[in-house]
There are 2 protein chains.
Amino acid sequence: MPSKLRHILVLWLAIDAVFVCGEYKDENLRKDSDFPNDIANVAVWRKGKKNWKGIGRQYNNPPPPEQGAKMARYIVHNSEWASLGSISSLSKIKGYPFTDVFSISDGTLLNSTGVPYLYMTPLDLSSKNIERDNRCSLSLSLAQSNYCQKNNLDPEDPRCAHVVLTGKMLKVKKGSEEEEIARSSLFSRHPAMKNWPKDHNWFFAKLKIESICLLDYFGGPKYISVDDYFNVKI
Amino acid sequence: MPSKLRHILVLWLAIDAVFVCGEYKDENLRKDSDFPNDIANVAVWRKGKKNWKGIGRQYNNPPPPEQGAKMARYIVHNSEWASLGSISSLSKIKGYPFTDVFSISDGTLLNSTGVPYLYMTPLDLSSKNIERDNRCSLSLSLAQSNYCQKNNLDPEDPRCAHVVLTGKMLKVKKGSEEEEIARSSLFSRHPAMKNWPKDHNWFFAKLKIESICLLDYFGGPKYISVDDYFNVKI
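Procedures and definitions
- Residues numbered from 1 in each chain as written.
- Chains lettered and ligands numbered in written order.
- Predicted model: local features only at pLDDT ≥ 70, side-chain atom pairs only at ≥ 80, totals over all residues.
- Heavy atoms only, no water.
- Disulfide = S-S within 2.5 Å.
- Helix = DSSP H or I, 4+ residues; strand = E, 2+ residues; numbered from the N terminus.
- Buried < 20%, exposed > 50% of the residue type's maximum accessible area, 1.4 Å probe, protein only.
- Pairing = 2+ DSSP bridges.
- Contact = heavy atoms within 4.5 Å.
- Polar contact = N/O pair within 3.5 Å; in protein donor to acceptor, adjacent residues only side chain to side chain.

S.K.: So, the state of the cysteines: which residues are in play, and what are the values?
M.R.: Residues and elements named next belong to chain A. The final tally for this structure, using the stated rule, is two disulfides over all chains. A sulfur-sulfur distance of 2.1 Å marks the disulfide that ties cysteine 148 to cysteine 160. On the S-S bond that ties cysteine 148 to cysteine 160, the torsion sits near 90°, and the link is right-handed. Placement of cysteine 148 in helix H5 (residues 147–150) and of cysteine 160 in the loop between H5 and strand E5 (162–171) is noted, with a sequence separation of 12 residues between them. As far as burial versus exposure is concerned, cysteine 148 and cysteine 160 are alike and both buried.

S.K.: Which residues make up the pairing of strand E3 (residues 117–120) of chain B, and what values go with them?
M.R.: Residue and element names in this part refer to chain B. The alternating pattern of E3 places Tyr117 and Tyr119 and Leu118 and Met120 on opposite faces, both of which are buried. Here two bridges tie strand E2 (residues 97–105) to E3, and the two strands are oriented antiparallel to one another. Considered in E3, the bridge of isoleucine 104 is made with leucine 118. In this sheet, strand E6 (residues 203–215) lies alongside E3 in antiparallel orientation, the contact comprising four bridges.

S.K.: Describe unusual backbone geometry, and please don't skip the residues or the numbers.
M.R.: Residue and element names in this part refer to chain B. Although it is not a glycine, asparagine 201 sits at a positive phi angle of roughly 55°. Among the structural elements, asparagine 201 can be located in the loop between helix H6 (177–189) and E6. Phi is positive for tyrosine 217, close to 70°, though the residue is something other than glycine. Residue classification places tyrosine 217 among the partly exposed residues on the basis of a relative accessible area of 39%.

S.K.: Hey, could you go over the side chain of Asn129(B) for me, with residue numbers and the actual values?
M.R.: All names here are of chain B. Looking at where asparagine 129 falls in the secondary structure, it is placed in helix H4 (residues 125–132). Judged by relative accessible area, which is 2%, asparagine 129 ranks as buried. Once residues lying within four places of it in the same chain are set aside, the contact partners of asparagine 129 are Ser86, Ile87, Ser88, Ser89, Leu90 and Phe98.

S.K.: Please set out the environment of Ser86(A) residue by residue, giving values where relevant.
M.R.: Along the chain, Ser86(A) falls in strand E1 (residues 81–87). Placed 14 residues apart in sequence, Ser86(A) and Asp100(A) show a C-alpha to C-alpha distance of 8.4 Å. Residues in contact with Ser86(A), not counting those within four places in the same chain, are Tyr96(A), Pro97(A), Phe98(A), Ser126(A), Asn129(A), Ile130(A), Arg135(A), Cys136(A) and Pro97(B). Engagement of the side chain of Ser86(A) in a polar contact is seen with the side chain of Asn129(A), the distance being 3.0 Å.

Here it is as structure tokens:
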């Protein structure tokens, strides 16, 4: 693209952004938070702008630190991907923890289930690990959005909240109702998945959560009960 | 901030961004890549703009897929944080893989050592895990920047490259020359660290890399030799 044309295009997108940004109350960050409305705002924005990539995902008004279960759900629902920890089965590093990147979804944009679904192939190193030992963890951080950078928070700062979910990775039963939920959750938010190579034997998987560790604000980790986590209404 | 004033401010920043963006050749993505110049560009931009937060870190012109060692170094050097995998020592999930978020640095912006340094406190859950078993992994992905979103790549797409470093986590010896390297590497890129609470007994740690697994482009993982990785000139 010629340099001048690019400048004009970027300028147009930038001016457009002013009005899009104007819809958000990001000066009220983590005050007067309204969780359901916030999620709805994101959805409207994304739908209206057809996933315009200039801003990226929005993390406005996360719930306040005292609402740990809600914050854990907030991070999981708003994250497009997570770091998956498994136990390595590779001979050179057998038994070592192994971390890898996976796209996730806990539901369509307007329907959060709290269950992190993944789309996996037996070709993945992590899949091979999980075949031998399905104990896993998923970590998800606000650092994955622009929230922490925008608020000048170092990724390791406890206010740049993150959550670690630990449990067993299970295959979602083929042909089940849950498989439809997993498919719509993942494919609606990762549309490219629909076209991934057919010969890779993709399957849906979910983390059956046993333990939830939230790092949000000062004072050390908070352990969220699995019941409280799933009881959050979104 | 009043709404109109915010609009004017965002517009000013946005127009400013047009000229900043104009310095980059992002239409030549992963072609004509010039690794050292790219890093230098990032440095100049960050210095000149005093870490202005409107754009975030830049990942222009990553090296081409056939240069695996360089790509691994590129991801490590450009990442502000990583997911650290360790083996849990918490009674409820003992032996499970545990993943957590840590700020990292492999050097000052203009000096990449390839060694990922961390700033840890014995209060961290991961530190407690590592005290019992120091086998670890670090995963770092281009999804942490805006590179993948900008190029419409799903975080799980193999072109949204990521690298998994596996090895042992070691404390950097207090008072050593290496501690100075770790300090300047981390504190220059995570300036907030200087002011973290003194009573947390912070220490510098590094991953002694034993295995490097790179996911970049199609065709499955590539195993990069540790020697090749450290021999990359930046």
